[in-house]
Amino acid sequence: MSESGKRFTILQRALHWLMAICIIAMLFIGVGMVSTVAPRYVALVATHKTLGILILALALIRLGVRLRYGAPALPADLPVPMKLAAHLSHYALYGLMIGMPLIGWAMMSTAAYPIVLYGDIRLPPILPQSDTLHAILWDAHFYLAFAFFVLILGHLAAALFHALIRRDGVFRSMSPTP
Amino acid sequence: MSDREKISTRSLLGSLALIGVVVTGSAGAFAYTAGWFSPDRLTPTKLVGSLAPPGGAVLGYRRNHAKGICFTGIFEANGNGTELSQAQVFASGRYPVIGRFNLATPNPFATDDTVRVRGLGLQISTPDRGVWRSAMIDAPVFAVSSPEDFYALQRAGSSKDPDAMKSFAAAHPEFAGFAHWAGTAPWTGSYAEEPYNGLNAFLFTNADGTQHAVRWLLQPQAQVMPISKAEFAKLGGPNYLDQEIIDRVSRGPQRWTMVVTVANPGDPTSDPTKPWPADRRSVEVGTLVVQKIEAEADGPCRDITFDPTILPKGISVSDDQFPAARSAAYAKSYDARIAEAKSYPHTLAAGDNQ
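Residues numbered from 1 in each chain as written. Chains lettered and ligands numbered in written order. Predicted model: local features only at pLDDT ≥ 70, side-chain atom pairs only at ≥ 80, totals over all residues. Heavy atoms only, no water.

A count of helical and extended segments in chain B gives eight helices and ten strands. Taken along the three principal axes of its C-alpha coordinates, chain B extends 90 × 55 × 50 Å. Residues counted as buried form 52% of the 354 residues belonging to chain B. In chain B, the proportion of contacts linking residues at least 24 apart, taken out of those at least 6 apart, comes to 75%. Counting only carbon and sulfur atoms, one obtains 55% of the accessible surface of chain B, whose full area is about 15900 Å². Of the side-chain charges in chain B, 33 are positive and 35 negative, and the distance between the mean point of each set is 5 Å. (Helix = DSSP H or I, 4+ residues; strand = E, 2+ residues; numbered from the N terminus. Buried < 20%, exposed > 50% of the residue type's maximum accessible area, 1.4 Å probe, protein only. Contact = heavy atoms within 4.5 Å. Areas by Shrake-Rupley, 256 points an atom, 1.4 Å probe, with all protein chains shown as cover. Lys, Arg positive; Asp, Glu negative; His and termini not counted. Charge placed at Lys NZ, Arg CZ, Asp CG, Glu CD.)

As a further point, take the overall build of chain A. The helix and strand inventory of chain A stands at five helices and two strands. Moving toward the C terminus, one meets the helices and strands of chain A in the order α-α-α-β-β-α-α. In chain A, buried positions account for 44% of the 178 residues. For chain A, restricting intrachain contacts to residue pairs at least 6 apart in sequence, the fraction spanning at least 24 positions comes to 72%. When the accessible surface of chain A is summed, it comes to about 8700 Å², and 77% of that surface belongs to carbon and sulfur atoms. Each charge sign in chain A was given a centre, from 13 positive and 6 negative side chains, and these centres are 11 Å apart.

Moving on: the state of the cysteines. All names here are of chain B. Taken as a whole and judged by the stated rule, the model has one disulfide over all chains. At a sulfur-sulfur separation of 2.0 Å, the disulfide partner of cysteine 70 is cysteine 301. Measuring the twist about the S-S bond at about -75°, one finds the cysteine 70-cysteine 301 disulfide to be left-handed. Of this pair, cysteine 70 sits in strand E1 (residues 67-77) while cysteine 301 is found in the loop between strand E9 (282-294) and strand E10 (315-317), placing the two residues 231 residues apart along the sequence. (Disulfide = S-S within 2.5 Å.)

Attention now moves to the side chain of B:Ser134. Residues and elements named next belong to chain B. Here serine 134 shows up in strand E4 (residues 131-137). We classify serine 134 as buried; its relative accessible area is 5%. A polar contact is formed between the side chain of serine 134 and the side chain of tryptophan 216, at a distance of 3.2 Å. Not counting chain neighbours up to four residues away, the residues in contact with serine 134 comprise Leu120, Gly121, Leu122, Trp216 and Phe306. (Polar contact = N/O pair within 3.5 Å; in protein donor to acceptor, adjacent residues only side chain to side chain.)

Looking now at the pattern of salt bridges. Residue and element names in this part refer to chain B. Applying the stated rule across the entire model yields 17 salt bridges over all chains. The salt bridge partner of arginine 63 is glutamate 340, with a shortest N-O separation of 2.6 Å. Of this pair, arginine 63 sits in the loop between helix H2 (44-49) and E1 while glutamate 340 sits in the segment after helix H8 (322-339), placing them 277 residues apart in sequence. Notably, a salt bridge pairs arginine 118 with glutamate 194, separated by 2.9 Å at the nearest N-O pair. Remark: glutamate 194 occurs in the loop between helix H5 (176-184) and strand E5 (196-197) and arginine 118 occurs in strand E3 (residues 118-125); sequence separation between them is 76 residues. (Salt bridge = Lys/Arg side-chain N within 4 Å of Asp/Glu carboxyl O.)

Glancing now at the side chain of B:Ser190. Along the chain, the position of B:Ser190 falls in the loop between H5 and E5. Side-chain polar atoms of B:Ser190 contact the backbone nitrogen of B:Ala192, separated by 2.8 Å.

The next thing to look at is the packing of helix H1 (residues 10-33) of chain A against helix H2 (residues 40-69) of chain A. Residue and element names in this part refer to chain A. Contact geometry of H1 with H2 gives a least axis separation of 9 Å together with a crossing angle of 150°. What the angle tells us is that H1 and H2 run roughly antiparallel. The interaxial crossing formed by H1 with H2 has left-handed handedness. Broken down by class, the residue content of the contact of H1 with H2 amounts to 21 nonpolar, seven polar and two charged. (Axes fitted to C-alpha atoms, helices over the stretch in contact; angles between N-to-C directions. Parallel < 35°, antiparallel > 145°, perpendicular 65-115°, else oblique. Left-handed = near helix turned anticlockwise from the far one by under 90°. Nonpolar A, V, L, I, M, F, W, Y, C, P; charged D, E, K, R; others polar.)

The tally for this structure, following the rule as stated, stands at 28 aromatic pairs over all chains. Consider the rings of A:Phe28 and A:Phe149, whose centres lie 6.0 Å apart with planes at 85°: the pair is edge-to-face. Of this pair, A:Phe28 sits in helix H1 while A:Phe149 is found in helix H4 (residues 131-166), placing the two residues 121 residues apart along the sequence. For A:Phe149, a relative accessible area of 7% corresponds to the buried category. Here the aromatic rings of A:Phe142 and A:Tyr143 are separated by 5.0 Å at their centres, their planes lie at 90°, and the arrangement is edge-to-face. Taking relative accessible area as the criterion, A:Tyr143 reaches 55% and is therefore assigned exposed. Ring-pair connections join several aromatic residues into one group, and the members of that group are A:Phe28, A:Trp138, A:Phe142, A:Tyr143, A:Phe146, A:Phe149, B:Phe30 and B:Trp36. Directly above the ring of B:Trp181 sits B:Arg116, whose terminal nitrogen or CZ lies 4.4 Å from the centroid. We note B:Arg215 situated over the ring of B:Trp276; from NZ or CZ to the ring centre the distance is 4.2 Å. (Phe/Tyr/Trp six-rings, centres within 6.5 Å; stacked < 30°, edge-to-face > 60°. Lys NZ or Arg CZ within 6 Å of the ring centre and 35° of its normal.)

Residues and elements named next belong to chain B. In terms of residue burial, strand E8 (residues 254-262) counts as a mostly covered element, since eight of its nine residues are buried. Pairing of strand E7 (residues 211-220) with E8, which is carried by seven bridges, proceeds in the antiparallel orientation. Directly across from leucine 218, in E8, lies its bridge partner methionine 258. Relative to E9, E8 runs antiparallel, the two being bridged by eight bridges. Bridging from a neighbouring strand, valine 260 pairs with valine 283 of E9. (Pairing = 2+ DSSP bridges.)

A word on the interface of chain A and chain B. Interface size is commonly expressed as the accessible area that is lost once the parts come together. Contacts between chain A and chain B engage 40 residues on the former and 53 residues on the latter. For the chain A and chain B pair, buried surface summed over both sides reaches about 4000 Å², with 65% attributable to carbon and sulfur atoms. When the area that chain A buries against chain B is broken down by residue, the three leading residues are A:Val37, A:Arg122 and A:Arg167, summing to 18%. Seen at the junction of chain A and chain B, the total is eight residue pairs in polar contact (both at pLDDT 80 or more). Put simply, the parts of the chain that give the side of chain A that touches chain B at least two residues each are H1, H2 and H4 of chain A. No other element matches the 14 residues that H4(A) contributes to the side of chain A that touches chain B. Grouping the constituent residues of the side of chain A that touches chain B by class yields 26 nonpolar, six polar and eight charged. (Buried area = accessible area lost by both parts, 1.4 Å probe.)

As structure tokens, this is what we get:
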């Protein structure tokens with residue numbers, strides 16, 4: 001157990017693991033779709049857009065829940081650099097969970113692509129058509145996707161480090177088990 | 001209440017190894033999905049790269065069908081299409097159009113008489129936020145039956161081996177239909193005299209949920225004056241077609257009838273080299289009216305793609321592989337040229353702008 005023995009609320013844990021599945025799927029779909037010309041490209045792009053908007057909605061709910069319920073304190077004996085890394089990486093993760101879908105949506109808007117989700121849901125553009133903005137947003141979406149994946153790998157390694165080596169309750173505070 | 005146990009060195013090393021395996025394995029799966037271990041995968045980058053002329057792609061321009069001119073107008077739907085598709089674009093009415101006449105060349109400065117295939121990109125928008133984009137060409141059949149063959153054709157076309165095209169044609173008998181058209185069909189002196197064929201098969205779904213496989217084409221209402229390539233070359237300068245369509249549309253709107261051809265069960269929908277028999281039912285669904293021509297540099301067609309998978313509700317892709325491949329390739333071309341926009345300035349020098 002963590003020092004306090006506290007865990008994230010069940011709502012927070014449910015959101016975390018649901019979003020983990022969505023975001024990992026999203027990143028794999030992203031790199032997969034831009035590297036193929038096969039017929040599945042069309043379905044991958046539609047899934048990427050739909051999942052992106054779903055992640056944006058979940059991330060905003062999650063941010064609200066986090067502000068309302070907070071998080072269990074990290075173990076008091078966790079070295080300061082690790083605490084700092086934990087805090088900063090979580091700001092980055094929240095930033096990317098909310099920022100990446102918005103950048104993607106904005107990028108499609110600046111290219112005047114209709115934004116069509118599953119169920120023929122058509123979203124309005126959030127920026128006007130612009131080649132300058134599109135080039136910037138495209139680069140941002142591309143490079144931040146790799147940064148996001150690296151961050152998730154770091155998050156995964158840290159979670160396993162807490163679970164297997166430190167055994168300090170940090171993993172348990174967010175574990176999917178009851 | 002700390003119940004942390006001391007862990008042995010052995011268990012520590014085992015845990016570290018496990019973490020290493022999980023992280024490396026995840027990164028490897030990601031790289032595999034991205035195609036980094038699959039050099040043979042046909043990627044949008046390779047497909048678009050194969051189109052580049054010998055000197056490399058011309059920065060700022062479309063990677064194929066690079067020479068073009070914008071138009072705007074309306075699509076007048078007559079209502080006949082609603083039996084086939086519930087798309088609002090077929091309900092009787094007038095819908096705004098953005099389009100682009102173009103030549104199938106990666107070189108935006110090619111002289112008109114050097115390019116055999118002419119095309120038309122079309123976007124029709126409807127009040128329900130439906131957007132239908134399509135890119136059509138004047139050839140009645142496509143040259144190849146799969147994106148892989150398209151790639152092979154580009155490779156053969158740019159090969160140093162003088163027999164590469166012969167070998168390609170021999171290995172791909174389905175190429176003969178297109179080659180015959182390219183070699184024997186007359187030319188015309190105007191974009192307005194060309195038919196534009198969708199070639200790819202799509203599925204139309206009507207309000208009852210009934211699906212039909214269809215292909216569409218734009219049939220010119222202008223009088224067609226067939227001429228030879230040599231006669232065309234004598235007509236005017238390197239940009240004759242642009243000037244001709246500017247002059248013609250300034251005298252009056254130009255029209256095409258949109259014809260939707262419905263497949264019979266069993267007709268090949270996956271292969272655009274195979275025309276359907278001439279007796280297939282066809283439905284005239286409306287008229288494209290081109291009202292205004294605008295130079296591409298500042299025109300409304302410049303910064304959009306005529307991606308054939310951008311479809312309204314009631315139209316969807318079929319088992320034809322090309323729309324997906326074209327969508328992927330057009331996006332690649334778009335992302336590249338948009339980032340190079342300064343190489344193709346938006347405002348031309350005074351006097352150049354039409």
